[in-house]
Amino acid sequence: MIQKKPNEKSTGLLSLPEEYIELDQTLDSAFHILEIASKDRHTLFHTPTLSTFDGKRVSTRTMVLREFDPEKRLIRFHTDFRSIKLEQIKKDSHASVHGYDPSLKIQIRFDGKINLHHKDEVTKGSWALSQEMSKECYFVGGPPGTKIEDPFKYDPSTFNLESNDGFQNFCVLVFQFESMEFLYLKKSGHRRAIHNWTTGKHQASWLIP
Ligand SMILES: Cc1cc2nc3c(=O)[nH]c(=O)nc-3n(C[C@H](O)[C@H](O)[C@H](O)COP(=O)(O)O)c2cc1C
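Computed from a predicted structure; not experimentally measured.

**What about the overall build of the chain?**
Within the chain, the regular secondary structure consists of five helices and eleven strands. Its C-alpha atoms put the chain at 55 × 45 × 35 Å along the principal axes. Looking at the 209 residues of the chain, the share that counts as buried comes to 25%. Counted over contacts in the chain with a minimum sequence separation of 6, partners at least 24 positions apart contribute 57%.

**With respect to the site of the ligand**
Looking at the ligand, there are 15 residues lining it, with Arg61, Val64, Thr79, Ser83 and Lys85 nearest. Within the residue set of the shell around the ligand, elements represented by two or more residues are strand 4 (58-62), strand 6 (74-80) and helix 2 (84-91). Here the element with the most residues in the shell around the ligand is strand 6; it accounts for four residues. A class-by-class count of the residues in the shell around the ligand yields five nonpolar, seven polar and three charged.

**A word on helix 2**
Among the residues of helix 2, those classed as buried are Lys85, Leu86, Gln88 and Ile89. On an axial view of helix 2, the arc spanned by its buried residues comes to 160 degrees, and they lie on one face. Among the exposed residues of helix 2, those pointing more than 90 degrees away from its buried face are Glu87 and Lys90. Close packing links the buried residues of helix 2 with strand 3 (49-53), strand 4, strand 6, strand 8 (106-118) and strand 9 (170-184).

**Some remarks on the environment of Ala95**
Its place among the elements puts Ala95 in strand 7 (residues 94-101). On the basis of neighbour counts, which here come to 24 C-beta atoms within 10 Å, the residue Ala95 falls in the buried class. Through-space distance from the C-alpha of Ala95 to that of Thr47 is 16 Å; in sequence the pair is 48 residues apart. When residues no more than four places from it in sequence are discounted, the contact partners of Ala95 are Leu50, Ser51, Thr52, Gly112, Lys113, Ile114 and Phe175.

**Some points on the nonpolar core**
Counting 33 residues, the largest nonpolar core has Ile33, Ile108, Leu173 and Phe175 as its most contacted members. Considering every element that reaches this core, the biggest residue donor is strand 9, with nine residues. Leaving out residues up to four positions away in the same chain, Leu173 has contacts with Phe77, Thr79, Ile114 and Leu116.

**A closer look at the pairing of strand 9**
Bridge count between strand 6 and strand 9: seven bridges; the pairing is antiparallel. By the bridge assignment for strand 9, Asp80 is matched with Phe170. Where strand 8 and strand 9 come together, 13 bridges link them in antiparallel fashion. Note that in strand 9 the partner of Gly112 across the bridge is Phe177. One ladder, built from six bridges, connects strand 9 with strand 10 (residues 191-196); its direction is antiparallel. Each residue of the ladder has a partner; that of Leu183, found in strand 10, is Arg192. Here strand 9 folds back onto strand 10, and the loop between the two strands holds six residues, one of which, Gly189, carries a positive phi near 150 degrees.

Cut-offs applied
Residues numbered from 1 in each chain as written. Predicted model: local features only at pLDDT ≥ 70, side-chain atom pairs only at ≥ 80, totals over all residues. Helix = DSSP H or I, 4+ residues; strand = E, 2+ residues; numbered from the N terminus. Buried ≥ 20, exposed ≤ 12 C-beta atoms within 10 Å, placed from the backbone. Contact = placed C-beta atoms within 7 Å. Near = placed C-beta within 6 Å. Nonpolar A, V, L, I, M, F, W, Y, C, P; charged D, E, K, R; others polar. Arc of directions from axis to C-beta. Core = buried A, V, L, I, M, F, W, Y, C linked by C-beta atoms within 7 Å. Pairing = 2+ DSSP bridges.

This is the structure we're talking about:
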């Protein structure tokens, strides 16, 4: 049986405090969770939800977290340039990212803006680093979300992997967050904290949970 250290909760590579006494601990834990999640597909934060807004409606979907850069406060996602979310992001770049892991009892929410990359140096770099299996879905013969009669006609066996279409459809979303909210659930008292960078300077505060 794995023994937990008295003040630490260990989940795989994660080592997190059992108690949150200082605000800095909430920032360190959130960033640590996201850094691990970008590399470990078995963690729940590897597939957070990304919400976008087109001026009228909010849309939420699961996305694979491809990269987390704590210094620049960036999260990188990959998507199809023809997808519905692209139209929304072009209208309004504001977005939020959310994740919750019940084994950690931690919810993290980010607010920020998305920068789109298509057929540029950023997409070339991300495409080159992507695994062949991940690239495949960008060869599907039509815009994702289009109504179709027969789903079998859009299976991977129909893709023309020799064409250049995959890269043409490939798009990188770089989400930069302006604030991060951390919530830790604990019977003896939940801990909720907000971290903000909107003024260019890091500001943090506890919140009533
Ligand atoms: C586990 C999981 C991972 C996913 N990862 C991605 C992803 O990295 N990029 C993406 O565009 N869609 C991903 N999807 C599909 C999206 O959730 C969504 O259905 C799709 O992008 C269409 O969204 P839209 O119509 O709002 O553009 C994933 C879905 C699941 C269930």
